[in-house]
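Understanding the architecture of this molecule
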Amino acid sequence: MQTVSWRRDDRWILQNIDWTVRRGEHWALIGSNGAGKTALLNIINGYAWPTSGNVSVLGKKFGHCDVRELRKSIGWVSSALFDQYYRFRQNEPALNVVLSGKYASIGIYEHVSDKDREEAYALFEFFRCEELAHQPFHVLSQGEKQRVLLARAWMAKPELLILDEPCTGLDLLARERLLHAVQQLAEAPDGPTVLYVTHHVEEIIPLFTHAFLLQDGQVLASGKIESVLTDHLLSKLFGVTIHLTWQRGRPWVKLTD
Ligand SMILES: Nc1ncnc2c1ncn2[C@@H]1O[C@H](COP(=O)(O)OP(=O)(O)OP(=O)(O)O)[C@@H](O)[C@H]1O
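Residues numbered from 1 in each chain as written. Predicted model: local features only at pLDDT ≥ 70, side-chain atom pairs only at ≥ 80, totals over all residues.

Where an unreviewed UniProt entry is consulted, the chain appears under the name Molybdenum ABC transporter ATP-binding protein, with the organism given as Novibacillus thermophilus.

See below:
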């Protein structure tokens, strides 16, 4: 995207955002609460239209393409969004949630082939949660829901996978399992480009090649992980003095104030 700005109610939520993601790169998008991360994702998914600037996603320029068609190539995992949808579909089994990913719909309105069903079961196995397939989605724990939503997104084999704070509400083991699954998915031969949104630096696994720091709707820094994840830039981003230590390719935060 080039010089993208988004204004709402006399306030600039995003200002002059330049961001290019190339095939083979995986990005972490980091920012504090209210920085504009969700707003930026809404623009990438075509749910919000920039006030100014240009957006192209997967080589398709917005304004010159069918955004609904484009969305079929984008997997979006956001538990906040899906909790809202499935609150009204209390008996929907997790299997149907995964199957619906094939059609990018909420609920299933198409004929489901045996092959689709097999594929969905294989994904439950891949994410090590076979026992969840026949349970209603809305009763699952947060960690279980996230794995089901990841499987749902993967049913359509998207080229771009957007994970919006997928570890929110997960305990340590569930978080590490989910991160491992993300790494495996992305590294598969037909794996997607991953955009991973978080405010927790510890979730940045070695998969990520680049990071984008968003502050008050503006780019604080963007580029290769090692040049962006520095004590100086993260302290500036979060407004506290941060010291990072790296262990096995992952950054860990210490507050030094
Ligand atoms: N449709 C809208 N109309 C008016 N203001 C909005 C709209 N959408 C977002 N905002 C405002 O834009 C700012 C950025 O919101 P956004 O949800 O993108 O933040 P975020 O970085 O995702 O935060 P969090 O980490 O808390 O989820 C917030 O102050 C929010 O109130």
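1. Considering the overall build of the chain
The number of helices and strands found in the chain is 9 helices and 13 strands. Taken over C-alpha atoms, the radius of gyration comes to 18 Å for the chain, in line with the 18 Å a tight globule of 257 residues would show. In the chain, buried positions account for 33% of the 257 residues. Taking contacts inside the chain between residues at least 6 apart in sequence as the whole, the part at least 24 apart equals 64%. (Helix = DSSP H or I, 4+ residues; strand = E, 2+ residues; numbered from the N terminus. Rg over C-alpha atoms; globule rule 2.2 N^0.38 Å. Buried ≥ 20, exposed ≤ 12 C-beta atoms within 10 Å, placed from the backbone. Contact = placed C-beta atoms within 7 Å.)

2. Things to note about the site of the ligand
If you check the shell around the ligand, you find Arg8, Asp9, Ile13, Gly31, Asn33, Gly34, Ala35, Gly36, Lys37, Thr38, Ala39 and His199 and nothing else. Counting residues per element, the shell around the ligand draws most heavily on helix α1 (residues 37-44), which supplies 3 residues. (Near = placed C-beta within 6 Å.)

3. Description of the sheet that holds strand β9 (residues 193-198)
Read across the open sheet, the 6 strands follow the order β7-β8-β9-β3-β10-β11; overall the sheet is mixed. Pairing within the sheet leaves two strands with one partner each, and these edge strands are β7 (74-77) and β11 (218-224). This sheet shows a mean twist of 15° between the axes of neighbouring strands, independent of strand direction. Bridge count between strand β10 (residues 210-215) and β11: 6 bridges; the pairing is antiparallel. (Pairing = 2+ DSSP bridges. Axes fitted to C-alpha atoms, helices over the stretch in contact; angles between N-to-C directions.)

4. Regarding the pairing of strand β12 (residues 242-247)
In terms of strand pairing, β12 meets strand β13 (residues 250-255) through 6 bridges, oriented antiparallel. What sits directly across from Ile242, in β13, is Leu255. Hairpin remark: β12 followed by β13, antiparallel, with 2 residues in the connecting loop; positive phi at Arg248, about 45°.

5. With respect to unusual backbone geometry
Of note, Asp10 is a non-glycine position whose phi angle comes to about 65°, a positive value. Along the chain, the position of Asp10 falls in the loop between β1 (2-8) and β2 (11-17). By the C-beta count within 10 Å, which is 5 here, Asp10 ends up exposed. Here the phi dihedral of Asp216 falls at roughly 45°; this positive angle occurs in a residue that is not glycine.

6. Concerning the packing of helix α5 (residues 114-126) against helix α6 (residues 142-155)
Closest axis-to-axis distance for the α5/α6 pair is 10 Å, and the angle between their directions is 140°. Accordingly, the angle class assigned to the pair α5 and α6 is oblique. For the pair α5 and α6, the sense of crossing is right-handed. For the pair α5 and α6, the contacting residues are Glu119, Ala120, Leu123 and Phe124 in the first and Ala151, Trp154 and Met155 in the second. Broken down by class, the residue content of the contact of α5 with α6 amounts to 6 nonpolar, no polar and 1 charged. (Parallel < 35°, antiparallel > 145°, perpendicular 65-115°, else oblique. Left-handed = near helix turned anticlockwise from the far one by under 90°. Nonpolar A, V, L, I, M, F, W, Y, C, P; charged D, E, K, R; others polar.)

7. Regarding the environment of Gly249
The topology assignment puts Gly249 in the loop between β12 and β13. Look at Gly249 and you get exposed, because 11 C-beta atoms sit within 10 Å. A sequence separation of 42 residues divides Gly249 from Leu207, and the C-alpha atoms of the two residues are 9.2 Å apart.

8. As for α1
All of the buried residues along α1 are Lys37, Leu40, Ile43 and Ile44. One side of α1 holds all its buried residues, which, seen down the axis, span an arc of 120°. At the C-terminal side of α1, Gly46 shows a positive phi close to 75°. (Arc of directions from axis to C-beta.)

9. Here's the deal with α6
Three or four residues apart is the spacing at which side chains of an α-helix point the same way, because the helix has 3.6 residues per turn. If you check α6, its first and last C-alpha atoms are 20 Å apart, about what 14 residues at 1.5 Å a residue would give, namely 20 Å. The buried fraction of α6 is high, at 11 of 14 residues. Among the residues of α6, Lys145, Gln146, Arg147, Val148, Leu149, Leu150, Ala151, Arg152, Ala153, Trp154 and Met155 are the ones counted as buried. Lys157, located one to two residues past α6, shows a positive phi value of around 45°. (Expected span 1.5 Å × (residues − 1).)

10. Comments concerning the nonpolar core
With 62 residues, the main nonpolar core has Trp27, Leu29, Val98, Ala151, Ile162 and Tyr196 as its most contacted residues. Top contributing element to this core by residue count: α6, with 7 residues. Not counting residues within four places of it along the chain, the set of residues in contact with Leu29 comprises Lys37, Leu195, Tyr196, Val197, Phe212 and Leu214. (Core = buried A, V, L, I, M, F, W, Y, C linked by C-beta atoms within 7 Å.)

11. Focus: the environment of Leu178
Structurally, Leu178 can be placed in helix α7 (residues 172-187). Separated by 35 residues in sequence, Leu178 and Gly143 have C-alpha atoms that sit 8.0 Å apart.

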